[in-house]
Amino acid sequence: MPKMVPEMGALDIKRLRHPGRGRNVTFAVGGVPGLLLQITPTGARSWILRTMIGKKRRDVGLGSYPGVSLSDARNLAREARDKVRRGIDPIEERKAVRAELITSQSRGLTFTDALDRYCDAKLVELATDRDRVRWRSMVERYAVPEIGGMLVGDLTTQDMLRVLEPVWVTKHETARKLRSRIEAILAWATVTGHRKGDNPAAWKHNLSALLPKPDKVAKAAHWPAVALSDAAPWFAELGQRQGIAARALEFLTLTASRSGAVRSAEWHEIDTARNLWIVPAAKMKTGQEHRVPLTAPALAIVGAMPRRADSSYIFAAPRGGTLSDMSLGKVMRDMQARAEKVAAQAGEDVNKAGWRDSRSGKPAVPHGLRSTFRDWAGDLTDWPSDMAELSLAHQVGSEVERAYRRGDMIEKRRQMMDDWAKFLGAA
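Residues numbered from 1 in each chain as written. Predicted model: local features only at pLDDT ≥ 70, side-chain atom pairs only at ≥ 80, totals over all residues. Heavy atoms only, no water.

Draft legend 1. Main features of the environment of D379. Mapped onto the elements, D379 comes out in helix α15 (residues 368-379). Between the alpha carbons of D379 and L228 there is a distance of 9.5 Å; along the sequence they are 151 residues apart. (Helix = DSSP H or I, 4+ residues; strand = E, 2+ residues; numbered from the N terminus.)

Shown next, in the form of structure tokens:
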């Protein structure tokens, strides 16, 4: 049983000093049995409760002085002694609380933090910095505003619906990729111990019961295309417009290619000896190299583009990088605006003016030009559908058929693209 000592006051505590040599020293301050003030040789001070816990004498730290005052130290000492009487070890209790806090903090990962850590760990697998930026920016744009501050362990299927429903039909291809990326982030969070249970972004037996099927939505949400009857006039007007983006859009139309491939096209990809544009696998959606036969009009566009010393891109932006996707869209929007202005001046219905999709009536967009090409090949020509699909870099036939198909019908496709150029009035 600790000896009862006279109670020290606050002034007495201030006057206590280390003798100047040896180890830490302690002073019994009274008021609570076993309460000590410890002073180090450097003058640092802290409170200790020395008491028996079970069959061992233990020193329970109560905090430093003067951060913890004399009266606070006595209250803390009384609480600790009361716990000991009830069979609770204050030291072990503190360790358990600290361990739980550390565990909680390690598991308490927000979705934004999980995105950062997933990108650091996994996006090295992507081929280029551009691919990595695009992968991340989609999640940051659509998911982070809704769930970025939430803990990954708290996310539910309803949270996924909040993110996906606004774009599932109107921007389905974006939504499809977004769902897949969120699923990958949350799978990483599960494996690394930051969440438990089923993945709320999983499609099968989860979101599949709540959202329309991807193939059904994709058919309903086709990209607005220039009508076949308008294709030649539209292409003629495009040829009158100035600027790099207008030339890139011409090249896109003549080659029936995707915007991303055209905007990132580089000089070394053009084989002038064979009149081919060889798009590397890393730039293709299918992950396979794609050869594009270049017609005379397409070659003329490439030949007229200036080579810049500071850029490898054929259709380089003003600062040497790639054109933005918006730049090609702006060309088409400007063309549409001009057509509507002319219609308004003539007293005609502006809602029917310009370059519109024949089915939806919506103004055409760059990606819809691939649909225009496909409609031309299927409705106005006798070219086999497989050749049109190959020109669009779509997979044709079953996996077995693709394994046995060794060629890409490049010369026959060259003839088809010549016919397409003639249809547009370019040749």
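Following the structure, the description resumes.
Draft legend 2. Layout of the nonpolar core. Counting residues in each nonpolar core, the largest one holds 51 residues, and the members touching the most others are W234, L238, L249, F251, W277, F315 and F373. Considering every element that reaches this core, the biggest residue donor is helix α11 (residues 244-255), with seven residues. Non-local contacts of L238, meaning those with residues more than four positions away in its chain, are made with A246, R247, L249, E250, V331 and M335. In terms of nonpolar packing, the next biggest core, distinct from the first, is built from 31 residues, L164, A175, L207 and L211 among them. (Core = buried A, V, L, I, M, F, W, Y, C linked by side-chain atoms within 4.5 Å. Buried < 20%, exposed > 50% of the residue type's maximum accessible area, 1.4 Å probe, protein only. Contact = heavy atoms within 4.5 Å.)

Draft legend 3. Geometry of the pattern of salt bridges. What the rule picks out here adds up to 28 salt bridges. The shortest N-O distance in the salt bridge between K122 and E125 comes to 2.7 Å. Take E125: its relative accessible area is 59%, and that puts it in the exposed class. The closest approach of N and O atoms between R162 and D159, which form a salt bridge, is 3.0 Å. Taken as a pair, R162 and D159 lie in helix α7 (residues 157-168) at a separation of three residues, close to a single helical turn. Each of the salt bridges in this network shares a partner with another, and the network as a whole consists of D82, R85 and R86. (Salt bridge = Lys/Arg side-chain N within 4 Å of Asp/Glu carboxyl O.)

Draft legend 4. Representation of empty space enclosed by the protein in the model. A full pass over the atoms with the stated rule returns two cavities of 30 Å³ or more. One number sums up the size of the largest cavity: a volume of about 60 Å³. When its residues are assigned to classes, the lining of the largest cavity shows seven nonpolar, three polar and two charged. In this structure, the second largest cavity encloses a volume near 30 Å³. Lining the second largest cavity are M332, Q336, W355, P363 and A364. When grouped by side-chain class, the residues that make up the lining of the second largest cavity number four nonpolar, one polar and no charged. (1 Å grid on protein atoms, 1.4 Å probe; cavity = no way out; pocket = protein on both sides within 12 Å on 5 of 7 lines; lining within 4 Å. Points joined across faces, edges and corners; volume = space filled by probe spheres on them. Nonpolar A, V, L, I, M, F, W, Y, C, P; charged D, E, K, R; others polar.)

Draft legend 5. Representation of helix α8 (residues 172-191). The first and last C-alpha atoms of α8 sit 29 Å apart over 20 residues, in line with the 28 Å expected at 1.5 Å per residue. Within α8, the full set of buried residues consists of H172, A175, L178, R179, R181, I182, I185, L186, W188 and A189. (Expected span 1.5 Å × (residues − 1).)

Draft legend 6. Layout of the pairing of strand β6 (residues 276-279). The alternating pattern of β6 places L276 and I278 and W277 and V279 on opposite faces, both of which are buried. Where strand β5 (residues 270-271) and β6 come together, two bridges link them in antiparallel fashion. Considered in β6, the bridge of D271 is made with L276. In sequence, β5 turns back onto β6 through a hairpin of four residues, with N275 there showing a positive phi of about 55°. In this sheet, strand β7 (residues 290-293) lies alongside β6 in antiparallel orientation, the contact comprising four bridges. Along β7, the bridge assignment pairs I278 with R291. (Pairing = 2+ DSSP bridges.)

Draft legend 7. Structural context of the packing of α7 against α8. As a packed pair, α7 and α8 sit with axes 8 Å apart at the nearest point and diverge in direction by 160°. On the basis of their axis angle, the class for α7 and α8 is roughly antiparallel. Considering how the two elements wind past one another, α7 and α8 form a crossing that is right-handed. Counted together, M160, V163, L164, V167 and W168 of α7 and H172, A175, R176, L178, R179, I182 and L186 of α8 form the full contact between these two elements. Here the contact of α7 with α8 is composed, by residue class, of nine nonpolar, one polar and two charged. (Axes fitted to C-alpha atoms, helices over the stretch in contact; angles between N-to-C directions. Parallel < 35°, antiparallel > 145°, perpendicular 65-115°, else oblique. Left-handed = near helix turned anticlockwise from the far one by under 90°.)

Draft legend 8. Just the confidence of the model for the protein, in detail. Looking at the protein, the pLDDT average stands at 89 and 93% of residues meet or exceed 70. Mean pLDDT values over the elements of the protein span from 45, in helix α17 (residues 399-404), up to 98, in α11. (pLDDT = per-residue confidence, 0-100.)

Draft legend 9. Inspection of the packing of aromatic side chains at higher detail. Applying the stated criterion across every chain, the model contains 11 aromatic pairs. Centre to centre, the rings of W47 and Y65 are 5.8 Å apart; their planes meet at 85°, and the pair counts as edge-to-face. Placement of W47 in strand β3 (residues 45-53) and of Y65 in strand β4 (residues 56-65) is noted, with a sequence separation of 18 residues between them. Classification of Y65 as buried rests on a relative accessible area of 19%. Among the aromatic residues, ring-to-ring pairing joins F373, W376, W420 and F423 into one connected group. Sitting above the plane of the W267 ring, R307 keeps its charged end 4.2 Å from the centroid. (Phe/Tyr/Trp six-rings, centres within 6.5 Å; stacked < 30°, edge-to-face > 60°. Lys NZ or Arg CZ within 6 Å of the ring centre and 35° of its normal.)

Draft legend 10. Local environment of the sheet that holds strand β2 (residues 35-39). In spatial order, the strands read β1-β2-β3-β4; together these four strands make up an open sheet with antiparallel pairing. Each end of this open sheet is capped by a strand with a single partner; those strands are β1 (25-28) and β4. Within this sheet the neighbouring strands show an average axis-to-axis angle of 30°, counted without direction. Note: β3 against β4, nine bridges, orientation antiparallel. Bridge pairing links S46 to S64 in β4.

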